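As a plain string of letters, each chain reads:
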Amino acid sequence: MNKVILMGRLTRDPEVRYSQGESATAVARYTLAVDRRFKRDNDQQTADFINCVAFGRAGEFAEKYFHKGIKIAITGRIQTGSYTNQEGQKVYTTDVVVEEQEFAESKAASDSQAGGFQPVGRPAPSAAVGDGFMNIPDGIDEELPFN
């Protein structure tokens, strides 16, 4: 079985190209920065940078909605390959071919991570207790479905 599940942030805007031919297919390439859970001694890198490629509608979706800094979750498969570069050296590649992709945080959280967050004025909870729960006013107990 070849199955990959990743969650991370885009390191840059997706690079999208369209295949040649009668029915042009979108090919979106992007890199995910995936945080490591544990830091090893003397290891400065705390994330892995994973190359991903999305084809067709997934590529079009990435082109339209994804941008640098956004947090996404993907599922896909690992695909390896190789080619010979202009200097005649063989180069090996490893990509995750995206099968599913989705947002992993709200738009407001994504904007705040990107530095463009503008807080919207919201009323504060009136009777918030220190644990984050609100006290229920007397007299409405009958209206609660879990009473």
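In case you missed it, the structure is sitting above this.
Residues numbered from 1 in each chain as written. Predicted model: local features only at pLDDT ≥ 70, side-chain atom pairs only at ≥ 80, totals over all residues. Heavy atoms only, no water.

1. Examining the overall build of the protein
- For the protein, the count of helices and strands is two helices and six strands.
- For the protein, the α and β elements follow one another from N to C terminus as β-β-β-β-α-β-β-α.
- Out of the 147 residues in the protein, the part that is buried amounts to 24%.
- In the protein, 55% of the contacts between residues at least 6 apart in sequence involve partners at least 24 apart.
- Within the structure as shown, the protein displays about 11,400 Å² of accessible surface, and the carbon and sulfur contribution to it stands at 49%. (Helix = DSSP H or I, 4+ residues; strand = E, 2+ residues; numbered from the N terminus. Buried < 20%, exposed > 50% of the residue type's maximum accessible area, 1.4 Å probe, protein only. Contact = heavy atoms within 4.5 Å. Areas by Shrake-Rupley, 256 points an atom, 1.4 Å probe, with all protein chains shown as cover.)

2. Remarks on the packing of aromatic side chains
- Inspection of every chain in the model, using the stated rule, returns five aromatic pairs.
- On the basis of an interplanar angle of 80 degrees and a centroid distance of 5.9 Å, the ring pair of Tyr-30 and Phe-66 is categorised as edge-to-face. Of the two residues, Tyr-30 is situated in strand β3 (residues 26-35) and Phe-66 in the loop between α1 (57-65) and β5 (71-84); the sequence distance between them amounts to 36 residues.
- Note on Phe-66: relative accessible area 4%, which makes it buried.
- Judged by centre distance (5.7 Å) and plane angle (55 degrees), the ring pair of Phe-61 and Phe-103 falls under tilted. One end of the pair, Phe-61, is in helix α1; the other, Phe-103, is in strand β6 (residues 90-103), and 42 residues separate them in sequence.
- Exposure remark for Phe-61: the relative accessible area of 28% places this residue in the partly exposed category.
- You can call Phe-103 partly exposed: its relative accessible area is 40%.
- The rings of Tyr-30, Phe-61, Tyr-65, Phe-66 and Phe-103 are connected pair by pair, giving a single aromatic cluster. (Phe/Tyr/Trp six-rings, centres within 6.5 Å; stacked < 30°, edge-to-face > 60°.)

3. Digging into the pattern of salt bridges
- Tallied over the full model, the rule gives five salt bridges.
- Where Arg-17 meets Glu-15, a salt bridge forms, and the shortest distance between an N and an O atom there is 3.3 Å.
- Across the pair Arg-36 and Asp-48 runs a salt bridge whose closest N-O atoms are separated by 2.7 Å. One end of the pair, Arg-36, is in the loop between β3 and β4 (47-55); the other, Asp-48, is in strand β4, and twelve residues separate them in sequence. (Salt bridge = Lys/Arg side-chain N within 4 Å of Asp/Glu carboxyl O.)

4. Details of the environment of Gly-81
- Within the fold, Gly-81 resides in strand β5.
- Gly-81 sits in the partly exposed class, given a relative accessible area of 26%.
- Counting along the chain gives twelve residues from Gly-81 to Thr-93, while the straight-line C-alpha distance between them is 5.1 Å.
- Filtering out sequence-adjacent residues up to four positions away, Gly-81 remains in contact with Val-91, Tyr-92 and Thr-93.

5. Here's the deal with the environment of Gln-101
- Its place among the elements puts Gln-101 in strand β6.
- For the pair formed by Gln-101 and Ala-73, sequence separation is 28 residues and the distance between their alpha carbons is 5.8 Å.
- When neighbours within four sequence positions are excluded, Gln-101 is seen to be in contact with Tyr-30, Ala-54, Ala-58, Phe-61, Ala-62, Phe-66, Ala-73 and Ile-74.
- Engagement of the side chain of Gln-101 in a polar contact is seen with the side chain of Tyr-30, the distance being 2.7 Å. (Polar contact = N/O pair within 3.5 Å; in protein donor to acceptor, adjacent residues only side chain to side chain.)

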